[in-house]
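# Structural characterization, general
If you want the building blocks of each chain, they are given just below.
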Amino acid sequence: MLNRPQQLNALSSELMEALVAALRELDEDEAVLCIVLGGNERAFAAGADIGELAAGTPVSLYQGRRIDRWDAIRSLRTPLVAAVSGFCLGGGCELAMACDLIVASESAKFGQPEINLGVMPGAGGTQRLTRAVGKAVAMDMILSGRMLGAYEARDLGLVARVVAQEAWLDAAKRVAGEIAAKSPISVRLAKEAIDEAFETPLSAGIEFERRSFYLARASEDAGEGLSAFVEKRKPEFRGR
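An account of the accompanying structure is given in this report. (Residues numbered from 1 in each chain as written. Predicted model: local features only at pLDDT ≥ 70, side-chain atom pairs only at ≥ 80, totals over all residues. Heavy atoms only, no water.)

## Brief notes about the nonpolar core
Which entries qualify depends on this criterion: Definition of nonpolar core: a set of buried residues of the types Ala, Val, Leu, Ile, Met, Phe, Trp, Tyr and Cys, connected through side-chain atoms within 4.5 Å. Three labels apply to residues, based on accessible area from a 1.4 Å probe with only protein chains included: buried if under 20% of the type maximum, exposed if over 50%, partly exposed otherwise in between.
Of all hydrophobic cores here, the largest spans 43 residues; its most connected members are Phe44, Ile73, Val84, Leu95, Ile102, Phe110 and Leu158. Val103, Ala171, Ile179 and Val187 belong to the second largest nonpolar core, which has 13 residues in total.

Spelled out as structure tokens, the structure:
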């Protein structure tokens, strides 16, 4: 959980460094099959640490490689669910989009308001938001600073599920539990294939999917899952 409540979980360098280290440790643990990343009821994260950003220079920001930490999160193999309640703005919205799917409270507000400070998104906002909601809405949000409510964000494709305000974290954990109950091999291969859809032409993506399917079918889990279906029983996946 992000834990800077007085600053609405503003993403300082210290917080991002600790977050990446924790996520990498979880990603390397074979017993961890899905991860939930959340903030608190008021905010997932309200953006970058503005004081830190204002004190930085272009050179110090480049040398500190602060923004590269979003890439490290995107490279995780373990599925990552963002549990969002309240404000999810700027770097916080970029962080949520770096996760594999977003479960949002009815109170969630999504936006890239960097334009109000004379800057622009720098951790993937112009790219991932455009892919999620389309060019017209991304232009509106990024150029005007407009925020999306939870239901509008879901209808546009940014959010996977919207839940009651009091259930935001429990619902995200349930989704993570549903994912963790599947074969770890097929889940990771499917996650990689979906990501590939945003990076390659259709023909190359289809070829990637096909090879991933053959690899999944070669696993012991696939044999167990297919046998369990035929035998009308619950499968016992072992990640092999």
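## Comments concerning the environment of Glu166
Heads up, the condition is: Secondary structure is summarised from DSSP: a helix means a run of H or I of at least four residues, a strand means a run of E of at least two, and numbering begins at the N terminus for each.
Turning to its location among the elements, Glu166 is positioned in the loop between strand 8 (161-163) and helix 9 (168-180). According to the relative accessible area criterion, Glu166 is exposed, its value standing at 65%. Distance in space between the C-alpha atoms of Glu166 and Glu41 is 8.5 Å, their sequence separation being 125 residues.

## Points about the pattern of salt bridges
When the charged atoms of two side chains lie near each other, side chains of opposite charge can form a pair. Counted only if it meets this: Within this document, salt bridges are pairs made up of a side-chain nitrogen of Lys or Arg and a carboxyl oxygen of Asp or Glu, the two lying within 4 Å of each other.
Inspection of the entire model under this criterion finds 13 salt bridges. Across the pair Arg146 and Asp140 runs a salt bridge whose closest N-O atoms are separated by 2.8 Å. Since its relative accessible area comes to 28%, Arg146 is described here as partly exposed. Taking the relative accessible area as the measure of exposure, Asp140 reaches 32% and is therefore partly exposed. Linking Arg146 and Glu152 is a salt bridge whose minimum nitrogen-to-oxygen distance equals 3.3 Å. One network of salt bridges, with partners in common, ties together Arg74, Asp100, Lys191 and Asp195.

## Regarding the packing of helix 6 (residues 125-133) against helix 7 (residues 135-144)
Selection rule: Only the stretch in contact is used when fitting a helix axis, every axis being a line fitted to C-alpha atoms; angles between N-to-C directions are given from 0 to 180 degrees. Note on angle classes: values under 35 degrees are labelled roughly parallel, values over 145 roughly antiparallel, values of 65 to 115 roughly perpendicular, and the remainder oblique. Working rule for handedness: look at the near helix, and if it is turned counterclockwise from the far one by less than a right angle, call the crossing left-handed; if clockwise, right-handed. By definition in these notes, contact holds between two residues if any of their heavy atoms fall within 4.5 Å. For this classification, Asp, Glu, Lys and Arg are treated as charged, while Ala, Val, Leu, Ile, Met, Phe, Trp, Tyr, Cys and Pro are nonpolar and the rest, including Gly, are polar.
It is the contact of helix 6 with helix 7, at a shortest axis distance of 7 Å, that shows an interaxial angle of 135°. Comparing their axes, helix 7 and helix 6 come out oblique. With respect to the hand of their crossing, helix 6 and helix 7 are arranged in right-handed fashion. In this structure, helix 6 uses Gly125, Thr126, Leu129, Thr130 and Val133 to contact helix 7, whose residues at the interface are Lys135, Val137, Ala138, Met141 and Ile142. Classifying every residue of the contact of helix 6 with helix 7 by side-chain character gives six nonpolar, three polar and one charged.

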